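A look at the structure
Here is what each chain is made of, one letter per residue.
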There are 2 protein chains.
Amino acid sequence: MTNEGSAGIVKTQLFTFAQPPGELKLESGQVLGPITLAYETYGTLNAARDNAILVAHALSGDAHAAGFHEGDKDPGWWDSMIGPGKAFDTNKYFVICSNVIGGCKGSTGPSSVNPKTGKPYALDFPIITISDMVNAQRYLIDHFGIDKLLCVVGGSMGGMQTLQWVASYPERVKSAIPIATALKHSPQQIAFDEVGRQAVMADPDWREGDYYGHGQPEKGLALARMIGHITYMSDQSMEEKFSRRLKEKNYSFKFKTDFEVEGYLKYRGDSFVKRFDANSYLYITKALDYFDLTSDKHKHHGKHQETKFLVIAFKSDWLYPAYQAQEIVRQLKIRHADATYCEIRSTYGHDAFLLETEEQTHLISHFLKKVHKEGH
Amino acid sequence: MTNEGSAGIVKTQLFTFAQPPGELKLESGQVLGPITLAYETYGTLNAARDNAILVAHALSGDAHAAGFHEGDKDPGWWDSMIGPGKAFDTNKYFVICSNVIGGCKGSTGPSSVNPKTGKPYALDFPIITISDMVNAQRYLIDHFGIDKLLCVVGGSMGGMQTLQWVASYPERVKSAIPIATALKHSPQQIAFDEVGRQAVMADPDWREGDYYGHGQPEKGLALARMIGHITYMSDQSMEEKFSRRLKEKNYSFKFKTDFEVEGYLKYRGDSFVKRFDANSYLYITKALDYFDLTSDKHKHHGKHQETKFLVIAFKSDWLYPAYQAQEIVRQLKIRHADATYCEIRSTYGHDAFLLETEEQTHLISHFLKKVHKEGH
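Every chain begins its residue count from 1, and numbering advances along the sequence as written. Ligands are numbered from 1 and chains lettered from A, in the order in which they are written. Where local features are concerned, this predicted model is filtered to residues with pLDDT of at least 70; where side-chain atom pairs are given and counted, the filter is 80 or more; whole-chain, interface and lining totals use all residues.

Before going further, it helps to examine the overall build of chain A. Numbering of helices and strands starts at the N terminus; helices are DSSP runs of H or I of at least 4 residues and strands are runs of E of at least 2. In terms of helices and strands, chain A carries ten helices and 16 strands. Over its C-alpha trace chain A gives a radius of gyration of 20 Å, about what one expects of a compact globule, namely 21 Å for 376 residues. Taking the principal axes of its C-alpha atoms as reference, chain A extends roughly 70 × 50 × 45 Å. With C-beta atoms placed from the backbone, a residue is labelled by how many other C-beta atoms lie within 10 Å of its own: buried for 20 or more, exposed for 12 or fewer, partly exposed between the two. Looking at the 376 residues of chain A, the share that counts as buried comes to 56%. Contact definition: two residues whose C-beta atoms, as placed from backbone geometry, lie within 7 Å. By sequence separation, contacts in chain A at least 24 residues apart represent 72% of the contacts at least 6 residues apart. We compute the radius of gyration from the C-alpha atoms alone; for a globule the expected value is 2.2 Å times N to the 0.38, where N is the number of residues.

Right, here's the structure in full:
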C-alpha cells in the first residue's frame, strides 16, 4: 500500500522576493537580486502551520516532485514518495518542493536575464553555495508563514540542503531526513564534478558561457551527463541492466555503439541537453564541491540537538558511500542529537534514493508519524 | 631487499615481421601488415631458452618497463619489479616487454604510416583485439626461438594479454600472473572507456581521426585521461593524497582550479597528451571492451591445465574489483588448473599493481622460483 494515490494535476508556481530585501547576500560576498524561486506544493497547510515538509532536489532536479503537469505522461521526480497515502502523505502533510537558485527550471540562475544588462547572466551570475540555496528557500518558507518545518528531506544534493537547513536555521527544522549524502564533498566527488565541468568548458560551443542564442554546448554537456550516469548506477545494477549485451548481433569492429550500455549512456546524455542548461550544470556542481559542513566556520554551530534525524544510505551507492552517512550520524551523536541511521540493501547505487520506494516509505512514514505526533 | 639493482641503461628495439607471413590476420577478418613491434629485454636468455618472462603492459604503457633510457631521469614503468635481485630477477630471468600493436610507442598503430597511402593510418587502421596483440607478440617470441615462456605477466590490460596468451597458446606458457584484471570487461568498465572515447571524438581537433599534421585533440584526450585517473585511484587514496586541500587559501568563487585534486587531474591530463596518441587511445580502449574470454568462441579452450597461475587482486581496486579476479580463479579451478589467488590489502586502487612493490615481489619471486625449479 505504498503507492496509494497521485498528487494529481499540479502546476509550478513562481515566487519573487518582495522588498525588503528582494535580494540575497551570498556566501561569496556578492549580492544577487531580484530572485525568483520556482516551487510546487502538494496537500494543505493546516491552521497551526506545523505540517509542512520541504523536499529539496538533487543536481538536475526541479520543483516538479510529484503529480502530473497538464498533458504530461510522466509524473514528478519523486512521485513514488509524495501523494495521498504515500511516504509523504499529502492527506496529512503540506509538501513544498523548491527549485534551487543557480538552476534552470524557473528559479533565478545563469540563464535568467540579468536586470543590469537585459541579457542572460551567463558567467556574470555569481557562484552560489548550498547555504545560499537554503537562504533563498527560507524566504519561501517565510512567505508561507511557516515558523517551523515539520521536516526537511532530500537525497544527494537535496540531502546537503537538508543538513544545511539544520546548520543555518536549527530552530526552524523539527526533523530532517538526509538521504544518500555527505557532510562534505570528498576529493573523488570533486574530481567527478570537475571532469564534468571540463567536458562542458572544452566544448567550443560553450563560448566561455556566452552561448545563449547560439544553442547549448551539447556535446560537452552530454558527456558530463554520461560521466554522471556511470556514478549514479552501481557496477551490479549495470551488470543486471546491460551485461555485455550488444546492439547488433556481432562486434562492429568500428568506432560505433556496440554495447547496449554505450547506447543507454548516449541516450541519457542527449536527452539531458534538451532539458538542462550547461551553465547551471557548472554552477550547481561547484556548489556541491564547495559544500563542507565540517569546515571551521561551522564548528560553532552546535544547536541541532532539537532536530530529530533519520539518516539513510544505500549499500551499493559508491558515489555517496555509506561511510559518509555514518559520519553524519557520528557528528550528530557527538552533539547528542536524536539520530537514527538506516542503511538500505539496494543494488541500484546512488540512484537508489529515487528507486527504493518501499523501504524508504516504510522508514519515512513511521518517522514522520512519530515526529508529527510529538508536536501535539 | 626488494629493490636491489637497476636493469641499467636500456634501449627500445624494433622487430619487423620477416616474410612469411609479414602480416597478421586479425580477429575482425582484416589483414594488417607489415607489423613492427617495439620491445625491450633485460637479463640474458639461457642456452635452454627456458628462462624467458614476457611482461605485458597496460593501456598507456610501453616497451620501456625497466632500467633507464640514456639521459633519462625516470626509469621504466615497472622498474621497481624488474632488475637484478628484484621480483623479476634479471640475474636469473630473461625479461621481454613488448609494446602492443595499436599503440603509439614504436609498434604499428594508427599513427604509423599506412604503406598503401604513405600517410598515417588514422581510422583506416583496423580495429584490433587483445587476441591480435598476443598473436603479434607470438612472432616476437618465435623470433627469440623461445618455445615456452617461463611466465607471462601483466596488470590491467597486461593481465588480459596474460590470460589471452594462455587461451591462445596454452602449450607455450608455463606460468601466468594476471594482476588486477578480468576475464571480460564489465558494462561499467565499458562505460568508462566509452566516455573517454566520446571525449576524444567530441573534440573538433580530432577531425574524424585525421589530425596528424594538425596537432592532437588535446582537450578531449586530456579529459579522457582525467576520467581514467579517477578510476585508477581509490576514494581512500584520493582522500589521503588530496583531501579537500585548496590551491589558494580560500575558495575562488570562480570557475577556477580550487582544489588540489582538480589541479592534479589537469596536470595528468595535460602531460598525457604530450606522450600519447589520441587514436591509439580509441583503438586500445576498444580492444579492452571487446575482451571476453567467457564468450562462446572460448568455451572449448580448456587446455590451460598445464599452466600454473598466480592471480593477484587489490582490495581497493574498484575499476577491476577483486570479484573479477576471483572469477578468473573459479574458472581455472573448474578446469582443474593449478591456481593461487592473492588479494593484497592496498589503498591505492587500480594503480596498486604499479605501486605495491613489496607484497607483489614477495608473492611473485617465490612463485617464479618454484615454477622455474620444476622445469629442471
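Cis geometry is adopted by the peptide bond preceding Pro34 of chain A, which originates at Gly33 of chain A and carries an omega value of -5 degrees. With respect to the element layout, Pro34 of chain A can be found in the loop between strand S4 (31–32) and strand S5 (36–42).

Among buried residues, those of type Ala, Val, Leu, Ile, Met, Phe, Trp, Tyr and Cys that are joined through C-beta atoms within 7 Å form a set called a nonpolar core. Counting 232 residues, the largest nonpolar core has Ile53 and Val55 of chain A together with Ile53 and Val55 of chain B as its most contacted members. The contacts of Val55 of chain B, once residues within four sequence positions are left out, are Ala65, Trp78, Ile82, Val95, Ile96, Cys97, Val153 and Gly154 of chain B.

Time to look at the sheet that holds strand S2 (residues 13–16) of chain B. All names here are of chain B. Within the open sheet, the eight strands sit side by side as S2-S5-S10-S6-S13-S14-S15-S16. Their pairing is mixed. At either end of the open sheet lies a strand with only one pairing partner, and these are S2 and strand S16 (338–344). On average, adjacent strands in this sheet sit at an angle of 20 degrees to one another, irrespective of strand direction. Two strands pair under a simple rule: DSSP has to find at least two bridges between them. Both strand S6 (residues 52–56) and strand S10 (residues 94–98) contribute to a ladder of five bridges, which runs parallel. Pairing of Val55 across the sheet is with Cys97, part of S10. Orientation is described by axes fitted as lines to C-alpha atoms, over the contacting stretch for helices, and by angles from 0 to 180 degrees between their N-to-C directions.

This next bit is on the interface of chain A and chain B. Between chain A and chain B, the contact holds 43 residues from the first and 43 residues from the second. Going through the elements one at a time, helix H3 (187–202), helix H4 (218–232), helix H5 (235–241), helix H6 (260–273) and helix H7 (278–290) of chain A are the ones with two or more residues in the side of chain A that touches chain B. It is H3 of chain A that provides the largest number of residues to the side of chain A that touches chain B, a total of eleven residues. The nonpolar class holds Ala, Val, Leu, Ile, Met, Phe, Trp, Tyr, Cys and Pro. Asp, Glu, Lys and Arg form the charged class, and all remaining residues, Gly among them, are polar. Considering only residue class, the side of chain A that touches chain B consists of 25 nonpolar, six polar and twelve charged.

The next thing to look at is the sheet that holds strand S16 (residues 338–344) of chain A. All names here are of chain A. Taken together, eight strands build an open sheet; the order of strands is S2-S5-S10-S6-S13-S14-S15-S16 and the sheet is mixed. Looking at strand neighbours, the two that pair on one side only are strand S2 (13–16) and S16, the edges of this open sheet. In this sheet, adjacent strand axes meet at a mean angle of 20 degrees when their direction is disregarded. Along the sheet, helix H8 (residues 322–334) makes contact with strand S14 (175–179), strand S15 (308–314) and S16, crossing S16 at roughly 165 degrees. Most of the contacts of helix H10 (residues 357–374) go to S15, to which it runs at about 175 degrees, and overall it touches strand S13 (151–155), S14, S15 and S16.

This brings us to the domain arrangement of chain A. Residue and element names in this part refer to chain A. Taken domain by domain, chain A comprises domain 1 (9–184 + 293–374) and domain 2 (189–286). An automatic or database domain assignment is the source of the domain bounds shown. Using only C-alpha atoms to locate each centre, domain 1 and domain 2 end up separated by 26 Å. With 22 residues of domain 1 at the contact, the number on the domain 2 side is 19 residues.

All names here are of chain B. Here Phe68 shows up in strand S7 (residues 68–69). Residue Phe68 is classed as partly exposed on the basis of its C-beta count, with 17 C-beta atoms lying within 10 Å. When the C-alpha atoms of Phe68 and Asp79 are compared, they prove to be 8.9 Å apart, with eleven residues separating the residues in sequence. Residues within four places of Phe68 in sequence aside, it is in contact with Ile9, Val10 and Pro75.

Where H3 of chain A contacts helix H6 (residues 260–273) of chain B, the two axes come as close as 9 Å, and the packing angle between them is 50 degrees. Put simply, H3 of chain A runs oblique to H6 of chain B. In this structure, H3 of chain A meets H6 of chain B at a crossing whose hand is right-handed. Seen from H3 of chain A, the contacting residues are Pro187, Ile190, Ala191 and Glu194 of chain A; seen from H6 of chain B, they are Val261, Glu262 and Leu265 of chain B. Along the lines of polarity and charge, the residues of the contact of H3 of chain A with H6 of chain B split into five nonpolar, no polar and two charged. Oblique is the label for any angle not covered by the other classes, which are roughly parallel (under 35 degrees), roughly antiparallel (over 145) and roughly perpendicular (65 to 115). The hand of a helix crossing depends on one turn: near helix anticlockwise from the far one by less than a right angle means left-handed, and clockwise means right-handed.

It is worth spelling out H8 of chain A at this point. Residues and elements named next belong to chain A. Taking 1.5 Å per residue as the helical rise, H8 with its 13 residues ought to reach 18 Å, and the 18 Å between its terminal C-alpha atoms agrees with that figure. All of the buried residues in H8 are Gln324, Ala325, Ile328 and Leu332. Taken end-on, H8 shows its buried residues confined to a sector of 105 degrees, consistent with a single buried face. Just beyond H8, the residue with positive phi is His336, at close to 60 degrees. Expected helix span is computed as 1.5 Å times (number of residues minus one). Arc definition: it is the arc formed by the directions from the helix axis to the C-beta atoms.

Let us look at the relation of the copies chain A and chain B. Alignment of the copies relies on least squares applied to C-alpha atoms, considering only residues that score at least 70 for pLDDT in both. Between chain A and chain B, which share one sequence, the superposing operator has a rotation angle of 180 degrees and an axial displacement of 0.0 Å; the RMSD is 0.0 Å. Look at the turn and shift together and you get a two-fold axis relating the two. Both copies present the same face, since 100% of the interface residues in chain A are matched by interface residues at the equivalent positions in chain B.

Once that is clear, we can look at the environment of Arg268 of chain A. All names here are of chain A. Mapped onto the secondary structure, Arg268 falls in helix H6. We classify Arg268 as partly exposed; it has 15 C-beta atoms within 10 Å. With 46 residues separating them along the chain, Arg268 and Ala222 place their C-alpha atoms 7.7 Å apart. With residues up to four places along the chain from it excluded, the contact list for Arg268 reads Arg225, Met226 and His229.

Before going further, it helps to examine H6 of chain A. For H6 of chain A, spanning 14 residues, the distance from its first C-alpha to its last is 20 Å, which sits close to the expected 20 Å at 1.5 Å a residue. Looking at H6 of chain A, one finds that the buried residues are Val261, Glu262, Leu265, Gly269, Phe272 and Val273 of chain A. Down the axis of H6 of chain A, the sector holding all buried residues measures 105 degrees, keeping them to one side. Of the surrounding secondary structure, the elements contacted by the buried residues of H6 of chain A are H4 and H5 of chain A together with helix H3 (187–202) of chain B.

Residue and element names in this part refer to chain B. With respect to burial, strand S13 (residues 151–155) is a largely interior element, five of its five residues being buried. Of the pairings in the sheet, the one linking S6 to S13 comprises four bridges and is parallel in character. Among the inter-strand pairings, Ala56 is bridged to a residue of S13, identified as Gly154. By the bridge criterion, four bridges tie S13 to strand S14 (residues 175–179) in an arrangement that is parallel. Looking across to S14, one finds that Val152 is bridged to Ala176. Once you follow S13 into helix H2 (residues 157–168) and on to S14, the crossover reads as right-handed. Crossover handedness is defined here as right-handed if the route from the first strand over the helix to the second strand goes clockwise, with the strands pointing away from the viewer.

Residue and element names in this part refer to chain B. It is at 10 Å that the axes of H3 and helix H7 (residues 278–290) come closest, and there the two elements cross at 160 degrees. By the angle between their directions, the pair H3 and H7 is classed as roughly antiparallel. For the crossing formed where H3 meets H7, the hand is left-handed. Residues Ile190, Asp193, Gly196, Arg197 and Val200 of H3 form the contact with H7, whose own contacting residues are Ala278, Tyr281, Leu282, Thr285, Leu288 and Asp289. Grouping the amino acids of the contact of H3 with H7 by side-chain chemistry returns six nonpolar, two polar and three charged.

Sheet faces and side chains relate simply in a regular strand, where the side chains alternate between the two faces. Residues and elements named next belong to chain B. Taken across its seven residues, strand S5 (residues 36–42) has six buried, putting it largely inside the fold. For S5 and S10, the ladder comprises four bridges, and the chain directions are antiparallel. Looking at S10, one finds that Tyr42 is bridged to Val95.

Right, let's get into the confidence of the model for chain A. Here chain A averages 95 in pLDDT, while 95% of its residues score no lower than 70. Here the predicted complex carries an ipTM of 0.96, next to a pTM of 0.96. Confidence per residue, as judged by the predictor, is encoded in pLDDT with a range of 0 to 100.

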